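Residues per chain are reported as follows:
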Amino acid sequence: MTDRLPVLNSGTGTPLVLLHAFPLSARMWQRQLAELPGRDGTEARVLAPDLRGFGAASQGDDEPSLDLLADDVALLLDRTGIERAVVGGLSMGGYVAMAFARRHADRLAGLLLADTKATPDTEQARANRERIARAVLARDSVQLLLDEQLPHPQLGAATARERPEVVRQVRELTAQASPAAVAWAQRAMAARGDSLEVLAGVAVPALVVVGEEDAITSVADARAMADVLPDAELRTVPRAGHLTALEDPAAFNTAVRSLLARTASAALRSRPQG
Ligand code: MLT
């Protein structure tokens, strides 16, 4: 565990932790940090940490594990004096949010799962992750990710065609990832289990978001999560791929605001009367 996750912070309202995708950093959440606190800054307090090895976070020497990342998030809440938060993540960040729901359910006020899935990797996907981990370490370069993943399958066809600034931003963030962090995260993701049962026990409001053009985690994956979550809303984002928060921040933020509102109503309902 590390108690030193660097975190981007904005606003003063309901605590909302946003966990970034692989192989990006907290900087992918710029539009959420700018817009979700609302005009007077009180709608949400957005905290976006860099996960181990990414952005400004140190790598440490622990074995790869998403559970460790979930525990890092719990420590971040301790350190910032937050008892319960809406915890959300996109893709790899979603896997970490599900690990958080399993390990720290009492700290969860709401759950946001974007462009992610609850099922584990196939053998083929695991082997591919190990291939990537070995290659980036051997070449001491993440160029392979730029070559193999951008713009497709990371971004949707509409973004690749019409939003060059988003393609550029994702390329820049990807190029900044360190080979060690990429290898560590690939091995941590390969080791994750099935989270459908965990989701079935989530007692707080949840939101599942997916880009209609997501070629990595499909609309069917999103629906499977929404179907087992007891209180979930499913939002599909047209003309967006795997990185909805970047490809259509306005639609993404509208969906998140609705989760924040549902979370606030649930908190009021559960407050003791008298
Ligand atoms: C991500 O965007 O975080 C990755 O696509 C997750 C994965 O490789 O499963």
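Rules and cut-offs
- Residues numbered from 1 in each chain as written.
- Predicted model: local features only at pLDDT ≥ 70, side-chain atom pairs only at ≥ 80, totals over all residues.
- Heavy atoms only, no water.
- Axes fitted to C-alpha atoms, helices over the stretch in contact; angles between N-to-C directions.
- Helix = DSSP H or I, 4+ residues; strand = E, 2+ residues; numbered from the N terminus.
- Parallel < 35°, antiparallel > 145°, perpendicular 65-115°, else oblique.
- Contact = heavy atoms within 4.5 Å.
- Nonpolar A, V, L, I, M, F, W, Y, C, P; charged D, E, K, R; others polar.
- Buried < 20%, exposed > 50% of the residue type's maximum accessible area, 1.4 Å probe, protein only.
- Lys, Arg positive; Asp, Glu negative; His and termini not counted.
- Salt bridge = Lys/Arg side-chain N within 4 Å of Asp/Glu carboxyl O.
- Pairing = 2+ DSSP bridges.
- Right-handed = clockwise from strand over helix to strand, strands pointing away.
- Near = heavy atom within 4 Å.
- Polar contact = N/O pair within 3.5 Å; in protein donor to acceptor, adjacent residues only side chain to side chain.
- Areas by Shrake-Rupley, 256 points an atom, 1.4 Å probe, with all protein chains shown as cover.
- Core = buried A, V, L, I, M, F, W, Y, C linked by side-chain atoms within 4.5 Å.

Peer 1: I keep staring at the packing of helix α2 (residues 66-79) against helix α3 (residues 92-103) and nothing clicks. Help me out?
Peer 2: Two numbers describe how α2 lies on α3: the axes approach to 8 Å, and their chain directions differ by 70°. As the angle between them shows, α2 and α3 are arranged roughly perpendicular. Contact residues: α2 offers L66, D67, L69, A70, D71, V73, A74 and L77, while α3 offers Y95, V96, A99, F100, R102 and R103. Classifying every residue of the contact of α2 with α3 gives 10 nonpolar, no polar and four charged.

Peer 1: Even after reading the chapter, I still don't get the side chain of R163, so can you show me in this structure?
Peer 2: By the secondary structure assignment, R163 is in the loop between α6 (157-162) and α7 (164-175). Comment: no salt bridge for buried R163; closest opposite-charge side chain is E247, at 4.3 Å. Every residue in contact with R163, bar those within four places of it in the chain, is listed here: A158, R239 and E247.

Peer 1: What exactly am I supposed to notice about the pairing of strand β5 (residues 108-114) here?
Peer 2: Most of β5 is tucked away: seven of the seven residues are buried. Relative to β5, strand β4 (residues 85-90) is paired through six bridges, and the arrangement is parallel. The residue bridging L90 from the neighbouring strand is A114, located in β5. As a crossover connection, the stretch from β4 through α3 into β5 is right-handed.

Peer 1: Explain the site of the ligand here, please?
Peer 2: Close to the ligand lie A21, F22, S91, M92, Y95, R129, Q154, M189, I216 and H242, which account for all nearby residues. Contacts to the ligand include Y95, whose side-chain N or O atom sits 2.6 Å from an oxygen atom. Contacts to the ligand include R129, whose side-chain N or O atom sits 2.7 Å from an oxygen atom. Its free accessible area being 270 Å², the ligand has 91% of it covered by the protein chains. Here the shell around the ligand is composed, by residue class, of six nonpolar, three polar and one charged.

Peer 1: Whenever I open this one, the nonpolar core confuses me. Can you help?
Peer 2: As a rule of thumb, nonpolar side chains are buried together in soluble globular proteins. Ranked by size, the top nonpolar core spans 54 residues in total, and within it L111 and L199 carry the most contacts. With residues up to four places along the chain from it excluded, the contact list for L199 reads M98, L111, L113, A118, M225, V228, L229 and P230. Counting residues in each nonpolar core, the second largest holds 36 residues, with M28, L112, V170 and L260 among its members.

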